[in-house]
Amino acid sequence: MGLNQKQQEEFNRILKEYLDHPDVRKMKDYCAHGKISVLEHSLNVAGTAYLLDQRFHVGSNKKDLLVGALLHDFYLYDWHDARLSINIFQMHGYTHPGKACENAVKIFGVNEIQQEVIRCHMWPLTLRSVPRHREAILVCIADKICALKETVFRW
Ligand SMILES: [Fe+2]
Ligand SMILES: [Fe+2]
């Protein structure tokens, strides 16, 4: 992911309690893009957002940035599953940030900035959920970079 040892230690320290949680581990079982699991994708987004923050001296709150990034796709269902209603399949892009946010509040009691990171990561698709805090803007950008890498370039 390109983090140096000190950065990787901070990354692991902040996310440890979340990564140890069984519901976060469930994200391993769902597929995000290609062969990438939702957990792997979320870790890629967290690492990319962290690196963007460092590279451009954005000065984010690291915990809000990393927790929001890790949980941005915490919707806990397989959106490729044809057994799900066609409605969920079609609407996934619009609805999953809300579902992920609901789960993150229920399970971890995430704060308001972390909720914004999750709710607004699909902007501009979700027109009215505009990222305003730096942490939310970085995750919104990082998600698009990672989705592109994971689907088009398969890095
Ligand atoms: Fe997403
Ligand atoms: Fe994502």
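The following paragraphs examine the structure supplied in this document. Just so it is clear, the model here is predicted, and its values are computed rather than measured.

### Topic: the overall build of the protein chain
Secondary structure summary: the protein chain contains 7 helices and 2 strands in total. Listed by position from the N terminus, the elements making up the protein chain come as α-α-β-β-α-α-α-α-α. Against the 2.2 N^0.38 benchmark of 15 Å for 155 residues, the protein chain shows a C-alpha radius of gyration of 14 Å, consistent with a compact globule. Its C-alpha atoms put the protein chain at 45 × 30 × 30 Å along the principal axes.

### Notes on the nonpolar core
A46, A49, L66, A69, L70, L71 and V139 are the most contacted members of the largest nonpolar core, which has 35 residues in total. Looking at this core, the elements with two or more residues in it are α1 (5–19), α3 (38–55), α4 (62–70), α5 (86–108), α6 (112–119) and α7 (134–153). Excluding its chain neighbours within four sequence positions, the residues that come into contact with A69 are S42, V45, A46, A49, V117, V139 and A142.

### Focus: the packing of α4 against α6
Contact geometry of α4 with α6 gives a least axis separation of 8 Å together with a crossing angle of 40 degrees. Here α4 is positioned oblique relative to α6, judged by the angle of their axes. Seen along the crossing, α4 lies across α6 with a hand that is right-handed. Contacts from D64, V67, G68 and A69 of α4 reach α6 at I113, Q114, V117 and I118.

### A word on the packing of α4 against α7
Put simply, α4 and α7 touch, their axes get as near as 9 Å, and they point 40 degrees apart. Of the possible angle classes, the one that applies to α4 and α7 is oblique. For the crossing formed where α4 meets α7, the hand is right-handed. Of the residues in α7, those touching α4 at D64, L65, G68 and A69 are E135, L138, V139 and A142.

### Details of the environment of P97
Structurally, P97 can be placed in helix α5. For P97 and H121, which are 24 residues apart along the polypeptide, the C-alpha to C-alpha distance reads 7.2 Å. Residue contacts for P97: discarding those within four places in its chain leaves I118, R119, H121, M122, T126 and S129.

Basis of the calculations
- Residues numbered from 1 in each chain as written.
- Chains lettered and ligands numbered in written order.
- Predicted model: local features only at pLDDT ≥ 70, side-chain atom pairs only at ≥ 80, totals over all residues.
- Helix = DSSP H or I, 4+ residues; strand = E, 2+ residues; numbered from the N terminus.
- Rg over C-alpha atoms; globule rule 2.2 N^0.38 Å.
- Core = buried A, V, L, I, M, F, W, Y, C linked by C-beta atoms within 7 Å.
- Buried ≥ 20, exposed ≤ 12 C-beta atoms within 10 Å, placed from the backbone.
- Contact = placed C-beta atoms within 7 Å.
- Axes fitted to C-alpha atoms, helices over the stretch in contact; angles between N-to-C directions.
- Parallel < 35°, antiparallel > 145°, perpendicular 65-115°, else oblique.
- Left-handed = near helix turned anticlockwise from the far one by under 90°.

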